[in-house]
Structure formats: C-alpha cells, structure tokens
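Chain and residue survey
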Amino acid sequence: MSIASTWPTPDDERRLLASLETGLFIGGHWRASSDSSTLAVEDPSTGKVLLRISSATPADGMAALDAAVTAQPGWAATAPRERSEILRRAFEAVTARADDFALLMTLEMGKPLAESRGEVAYGAEFLRWFSEEAARISGRFAIAPDGKTRLLVMKRPVGPSLFITPWNFPLAMATRKIAPAIAAGCTMVLKPAALTPLTSLLFAQVLTEAGLPAGVLNVIQTEKAGAVTGPIIRDSRLRKLSFTGSTPVGKRLIADAAEQVLRVSMELGGNAPLLVFDDADLDRAVDGAMLAKLRNGGEACTAANRILVHDSIAAEFSTRLVERMRAHTLARGTDPASKIGPLVDQATRDKVHELVTSAIADGATLALGGAAVDAPGYFYEPTVLTDVPASARILREEIFGPVAPIVTFSTEEEAIRLANDTEYGLVAYAFTKDLNRGLRLAEELDVGMFGLNTGIVSNPAAPFGGVKQSGMGREGGFEGIEEYLETRYVGIADPYA
Ligand code: NAP
C-alpha cells in the first residue's frame, strides 16, 4: 500500500478490511464458529461497524487447545535456528506491511496513525529480539560440591499456553507473548480483546506466511471471554496462562489457574506516579508528562495517572502542561492532524467523565477540558485538574483517558510516600537533575519499572512488568523467554565410580 498524501482514502480502508480473514484460526485453517455466531467490530471514531467476524464458542476454544496440544511435541523438537528464522521473517513481514497494521489498529482502536505506526515498530521489535533469543537458550553443567555427582540443568518449553490480551495495544500485547513462546518452542491459543481482534487476524496471516507450522498459533476471538477460556484453563493439558488486562479480571484468572497449578504471567493495571522536583529541567519534565500522559490517548497501563509536582514550581508546570494539552488536536486517527483519537467505547468515556466529575466534587480545580466532545464517536477533551486532594478517588483508580490530575508535595519523603500510596506498582517516572536523588527514588519507589528523566520505559530489550497488584512475571528482555521455559535438572552418577 503506497503512502500518497491522501492515504488512507475510504477505498483504502475498505480494501484492507476486505482482504482480512474473518474466521477463527485453528490448526492452521480458517473456519467459522461452530454455531456460526459473529461479533461486530466498531470504529470508535464513528460508532459504526467496520466488520463482522466469527465469534468462538466453548467448543471452538477446546478445538484450539486440541490443535495446540497436538502440535506441541513436533514444535518443541524443532531446531532453535528454525524458530529463530520464522520470527525473523515475521519481523520483516510486519515491518513491510507496517501501513496495513497501523491503519487496522487506527480503525479498530482509534489511536492516531502516527501512534499506530509507533506500536507496529514496537510490536515488531519483540519478533526481532526473540528471534535472537531463540538461539541463545542454554543450561549449565556442574560437578557437585562432593565431587561425585554431575549436575546437568536444562531448559524445556513450558508447553501449550493460553494468551488473553487487551484492546489498547492490539499488536504489541500479542507479540510480547507470542514471540518468546515461539522462541521457546511452545504452542499457543490467543484470545484477543473483542473490541480489537482484527490486528490479531492479520498477524496470524503474516505468521503463517512466515512459515509457522499449523497448530502452533491458534486465534479464537469471541464475545464470550469467560465461557470460552474457562474450560481451557481448567484442562490439565494447558501448561501456562499469560494475561494482560485489568487487575480484577487478572485476580479471577489467577484463582481459576490455581486449580491446575498453572504457571501464570500477569500484566495488570497501573496507577503510575510522575514526580517533578524543584530542580527538574522543566521543558524535559513537561515533554515527559505529555508522553507519559497522552501516549495512546491515556489508554495505557503505563499512563501517568498522578502527576506529583513540587509546590514551588506547580503553577509554572501546570500552565505549561495546559498550553501543550490544549494544542493537541482531537480527530479521527486517520486525519493527519490528529494527535488524540477517540476513547475506545462509550463505557470507557463514561468512566473517564465520572472520575473527572468526582475529582471536581472532591475539591480539584478544572484547568482545561472536562467534557465529552459533542460529535460522533467517543472523543473526550484533553483535561487538566490542579490542586487535586490526595484523598480524591481519581488518584486511586486507573483513569484510562487524556486526563492529568496534578497534586503538589513539599519534600522528597512526602513525594515518595504519595507515590507509593497505591495497591498498584507497575511504573513510576521522576524528573530531577540530582543523580543521587534519582538513585534513591529507584530504590524507594515500589514499582517494577522506573523512568528517570523520561516519560517512556517500554523497550523490547528490557523486562516489562509490575509488582504488587500490577502483576507478576516479565515480558521482553532476557527475562521474557524464561516465562516460557521450565528448568529440568538431571543428576548423573560419578563417571569414575
Ligand atoms: P480487561 O477488561 O481485563 O480485558 C482484558 C482481556 O481479558 C480481554 O481479552 C477480555 O475479553 C478478557 N476477559 C475479560 N473478562 C474475562 C474473563 N472473565 N475470563 C477470561 N477473559 C476475560 O482489560 P481491558 O479493558 O481490555 O484492558 C485495559 C486493562 O489492561 C487496564 O487495566 C490496563 O492497565 C491493563 N493493561 C496492562 C498492561 C501491562 O502490561 N501491565 C498492558 C496493557 C493493558 P473481552 O475483550 O471480551 O472483554
């Protein structure tokens, strides 16, 4: 698809949608659901249906698990280099089709095309990173301390895995799981979010073209998430569950997974603090806050949910943030001027507005925005709230929208106490020129990830994940492949005895 200045036209959009497979992908074949049911995928910038696709039943879910279980032994026995080359070809193919992936994400999820392109690059990098890691899986050999036994420690693929992903990053949340699983030699069933399943369908097509054998990846989009995934999780042939989504759903899935003592990885919700100290470079801090707040329209687990600013610079910082957020153009993501697209659906927009209203009732001052846009789609104005009291509900819950609540503090100790005052622990950001303070914060903030003088931490070469109720396990980095490997130890008798 060429990038003429007019791209994408409505015809480009129609052609891309018409080129998609619309079935379930099970055992290497595209098929309709067993009861012919379908689900409608909407464009959140218009509220209109983009496409109807098959919606899996519980029987389809079991067929997908059967396919993954059947494919597992053969796939585990493939040469690491073969798995590596498939991932490398998939990286090249996703990169070559970046415009198609970006347009599809913009259509089904709403984010501006420039952001979708950023996600394609980020999502594709997991394929490249784990193509490199596939050939580096190793164990160790040792002579036991008594000099007699020999110890061999090897790594084996965990086995058939179930992946459940959210709607906010339709490509990257899938590749963060699928790429290390392929590298490790696991087969899998993917259940993408019902709001944004189209990207997964295109990705399954691309992986097949890259040479992924039948049954290694199975995709079962559905409107009945619990009914379809429940029996899979309870089946003793499943060996691993990796979930990205909200903390309440994650907790339920951990409880379900306990029945079979399944290995679980949980990437759950966040409530990131962003701290701005009085010695910060203010330009850099405002840039960082814009990135941490407005990436993905605020619909990110890593979004700065609480902006904590030293009281001596709070007025200046707030004024600058308001100016920058006011200048952000709200428009359908395909519009080249768009800096923020719509929220994903009406329920998300209602929740954002409810949190803003409750913050004002709690005593916050509305400095910008504060309303839904009166037009088709689910647009919400970029919003800044100042003087938000530390007890306000908006500081306890994920906002998931373009709303920046600003809270003031007067000492480093108070900033750390406020930052840690949450049951979440995914990420924190801080802006300061004092390196010693930066290192103290890195040790004191109770999080899985910390951005020092930067508003973005996501990187395929780094371990992404949280502590406390933000989850367990890591995706990306050297750690990412460990989630899909079991350690097996072999004791060997003294060869001289
Ligand atoms: P969600 O409502 O928890 O849904 C996530 C996935 O779980 C979807 O595929 C959903 O299916 C499925 N699901 C819902 N109920 C289920 C059940 N009872 N059994 C099995 N599956 C079920 O979350 P979301 O609204 O899509 O995503 C936003 C959340 O994800 C936020 O909390 C955000 O912080 C978190 N997130 C975390 C990370 C991270 O890396 N830590 C990254 C991105 C997002 P349906 O689509 O059918 O509902």
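Analysis parameters
- Residues numbered from 1 in each chain as written.
- Predicted model: local features only at pLDDT ≥ 70, side-chain atom pairs only at ≥ 80, totals over all residues.
- Heavy atoms only, no water.
- Near = heavy atom within 4 Å.
- Polar contact = N/O pair within 3.5 Å; in protein donor to acceptor, adjacent residues only side chain to side chain.
- Areas by Shrake-Rupley, 256 points an atom, 1.4 Å probe, with all protein chains shown as cover.
- Helix = DSSP H or I, 4+ residues; strand = E, 2+ residues; numbered from the N terminus.
- Nonpolar A, V, L, I, M, F, W, Y, C, P; charged D, E, K, R; others polar.
- Domains from an automatic or database assignment.
- Contact = heavy atoms within 4.5 Å.
- Buried area = accessible area lost by both parts, 1.4 Å probe.
- Salt bridge = Lys/Arg side-chain N within 4 Å of Asp/Glu carboxyl O.
- Pairing = 2+ DSSP bridges.
- Axes fitted to C-alpha atoms, helices over the stretch in contact; angles between N-to-C directions.

For the ligand, the set of nearby residues contains 30 residues, the closest of which are Thr 165, Arg 176, Ser 246, Leu 268 and Glu 398. Between an oxygen atom of the ligand and a side-chain N or O atom of Trp 167, the distance comes to 2.9 Å. Measuring from an oxygen atom of the ligand, one finds a side-chain N or O atom of Ser 246 at 2.6 Å. In the complex, the protein chains occlude 85% of the 900 Å² of accessible area that the ligand would expose alone. For the shell around the ligand, the secondary-structure elements that each account for two or more residues are α6 (172-184), α8 (225-234), β10 (240-244) and α9 (247-258). Here the residues of the shell around the ligand sort into 16 nonpolar, nine polar and five charged. Counting the residues that make up the shell around the ligand, at least three belong to each of domain 1 (10-268 + 473-486) and domain 2 (272-460).

Before going further, it helps to examine the domain arrangement of the protein. Size of an interface, as often reported, equals the accessible area lost when the parts are brought together. By domain assignment, the protein separates into domain 1 (10-268 + 473-486) and domain 2 (272-460). Using C-alpha coordinates to define each centre, domain 1 is positioned 30 Å away from domain 2. Counting residues at the interface gives 29 residues for domain 1, matched by 29 residues for domain 2. Carbon and sulfur atoms make up 57% of the surface buried where domain 1 meets domain 2, a total of about 2,300 Å² over both sides. Across the contact surface, domain 1 and domain 2 share two salt bridges. Here Arg 332 and Asp 43 are joined by a salt bridge, their closest N and O atoms 2.7 Å apart.

For sheets, the rule is that strands pair by backbone hydrogen bonds, running either parallel or antiparallel. Strand order in the open sheet formed by three strands is β5-β6-β22, and the pairing between neighbours is antiparallel. Every interior strand has two partners, whereas the edge strands, β5 (140-143) and β22 (485-492), have only one. Neighbouring strand axes in the sheet, compared pairwise and without regard to direction, differ in orientation by 20° on average. Both β5 and strand β6 (residues 150-157) contribute to a ladder of four bridges, which runs antiparallel. By the bridge assignment for β6, Ala 142 is matched with Leu 151.

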